[in-house]
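# Close look at the chain arrangement
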Amino acid sequence: MILGKSIRIYLKEGSVTGIKFAEVVNHTIQALSCPRTKISDLNKHFTKEINTQGVYFLIGYEQDTLKQILYVGEAENVWDRLKNHDSKKDFWNEVILFTSKDDNLTKSHIKYLESRVVQIASETERYGLKNGNNPALSSLPLPDRDAMEEFLSNIKILTGTLGHKFLENPIASKNTFETLNARSAMTENEIFLNPGGDLNLNVSGIEASAIQTNEGLVVIEKSGVSKNLTKNYGYGALRELLIAENVIKPKSNGDLYFTRNYLFSSPSAAAAVILGYSVNGRNVWKNDEGKSIKEIEKSELK
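Before going into details, it helps to say that this report is about the structure given with it. (Residues numbered from 1 in each chain as written. Predicted model: local features only at pLDDT ≥ 70, side-chain atom pairs only at ≥ 80, totals over all residues. Heavy atoms only, no water.)

This next bit is on the sheet that holds strand 2 (residues 20-24). As summarised here, the arrangement of the seven strands in space is 1-2-3-6-4-5-7, forming an open sheet in which the pairing is mixed. Looking at the sheet topology across the chains shown, the edges are occupied by strand 1 (7-11) and strand 7 (128-129). Note that strand 3 (residues 29-35) and strand 6 (residues 92-100) share seven bridges and pair antiparallel. Looking at strand 6, one finds that Gln30 is bridged to Thr99. In this fold helix 3 (residues 78-88) packs onto strand 4 (54-61), strand 5 (68-75) and strand 6, with an angle of close to 25° to the strand it touches most, strand 4. Contacting strand 4, strand 5 and strand 7, helix 4 (residues 107-124) crosses the sheet at an angle of about 165° to strand 5. (Pairing = 2+ DSSP bridges. Helix = DSSP H or I, 4+ residues; strand = E, 2+ residues; numbered from the N terminus. Contact = heavy atoms within 4.5 Å. Axes fitted to C-alpha atoms, helices over the stretch in contact; angles between N-to-C directions.)

Right, let's talk about the pattern of salt bridges for a bit. Under the definition given, this model contains 15 salt bridges. Put simply, Glu215 and Arg126 hold a salt bridge, and the shortest N to O gap is 2.6 Å. One end of the pair, Glu215, is in the loop between strand 9 (206-212) and strand 10 (217-219); the other, Arg126, is in the loop between helix 4 and strand 7, and 89 residues separate them in sequence. Look at Glu215 and you get partly exposed, because its relative accessible area is 28%. By relative accessible area, which is 18% here, Arg126 ends up buried. Between Lys165 and Glu215 there is a salt bridge; the shortest N-O distance is 3.6 Å. Placement of Lys165 in the loop between helix 5 (142-161) and helix 6 (176-184) and of Glu215 in the loop between strand 9 and strand 10 is noted, with a sequence separation of 50 residues between them. Among the ionic contacts, a cluster of salt bridges with common partners joins Glu74, Lys107, Lys111 and Glu114. (Salt bridge = Lys/Arg side-chain N within 4 Å of Asp/Glu carboxyl O. Buried < 20%, exposed > 50% of the residue type's maximum accessible area, 1.4 Å probe, protein only.)

A few words now on the packing of aromatic side chains. Under the defined criterion, the tally for this structure stands at six aromatic pairs. Ring geometry for Phe57 versus Phe166: centroids 5.3 Å apart, planes at 85°, classification edge-to-face. Of the two residues, Phe57 sits in strand 4 while Phe166 sits in the loop between helix 5 and helix 6, which places them 109 residues apart along the sequence. Like Phe166, Phe57 is buried. Between Tyr262 and Phe264 the ring centres are 4.9 Å apart and the planes differ by 70°, which places this aromatic pair in the edge-to-face class. Members of the aromatic cluster, connected to one another through ring pairs, are Phe57, Phe98, Tyr127 and Phe166. (Phe/Tyr/Trp six-rings, centres within 6.5 Å; stacked < 30°, edge-to-face > 60°.)

A separate point is the sheet that holds strand 14 (residues 262-264). An order of 8-9-10-14 is seen for the four strands of this open sheet, with the pairing classed as antiparallel. At either end of the open sheet lies a strand with only one pairing partner, and these are strand 8 (199-203) and strand 14. Ignoring which end each strand starts from, the neighbouring axes of this sheet average 35° apart. By the bridge criterion, three bridges tie strand 10 to strand 14 in an arrangement that is antiparallel. Its bridge partner lying in strand 14, Val219 is registered against Tyr262.

This brings us to the packing of helix 4 against helix 5. Running from N to C, helix 4 and helix 5 point in directions that differ by 50°, and their axes come no closer than 10 Å. What the angle tells us is that helix 4 and helix 5 run oblique. Relative to helix 5, helix 4 is oriented so that their crossing is right-handed. On helix 5, the residues touching His109, Tyr112, Leu113, Arg116, Val117 and Ile120 of helix 4 are Asp144, Arg145, Met148, Glu149, Phe151, Leu152, Ile155 and Lys156. Within the contact of helix 4 with helix 5, the residues separate by chemical class into eight nonpolar, one polar and five charged. (Parallel < 35°, antiparallel > 145°, perpendicular 65-115°, else oblique. Left-handed = near helix turned anticlockwise from the far one by under 90°. Nonpolar A, V, L, I, M, F, W, Y, C, P; charged D, E, K, R; others polar.)

Shown next as structure tokens:
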């Protein structure tokens, strides 16, 4: 049974671009989101919340690609650490920090949270990580570990609510676990022939599979990609970027394929990158019964 969550957010300047204080109702976790230009205001208005132990995320962009990047850290006094980063790290323009209202987090707790966040952010591959390596996972008694995993689940919720989904698995649908478990028992050749997913694309010999999520469409690892493309079509730049980042690579015979799962903002963006020309993805992505996304949605609305 999935239970809902209530989130309370306070906008310090009455603006979504300023300092935001967020909390999960009836939980001890508290979060502050702050643009770099407002860092000095944190210690003026939230002294107790930041002069304590906690974990924090520095968020910015790569200058050449504008890809979002992330640095994960922990500190026994978050404010002191932020002052240091303000003078020594240039890439970030926003910080999100997490502390506890009852001030019961220990050094081992925050080291555990830091390690788990780096691990999850590495797996989701949404943002580039500035951390040089994955911090060692501190050893905690079972009750403390479970408490920190619950704290971590609330970090995920608050981070996403504050506009950043780097802790969210791009695949989130009812078929996710069944699909991935089935793939784990397949050989490499079987995966190439049947990438797996709840939607399929089969056009001119190009085969791909995908899972539709609340955010868009996740093309499944090993899906095929056409080597031919029309000039000056809308998604050419995105296709080139994915090739440059090795998300799309050639096999030994020269055919292109996806090296990992990749989230597209829409079915049309995914189909266009795969086929090499602009196309209505809602028509070409189909389920096992041959119904397109457009037909499925029309049927569900009825």
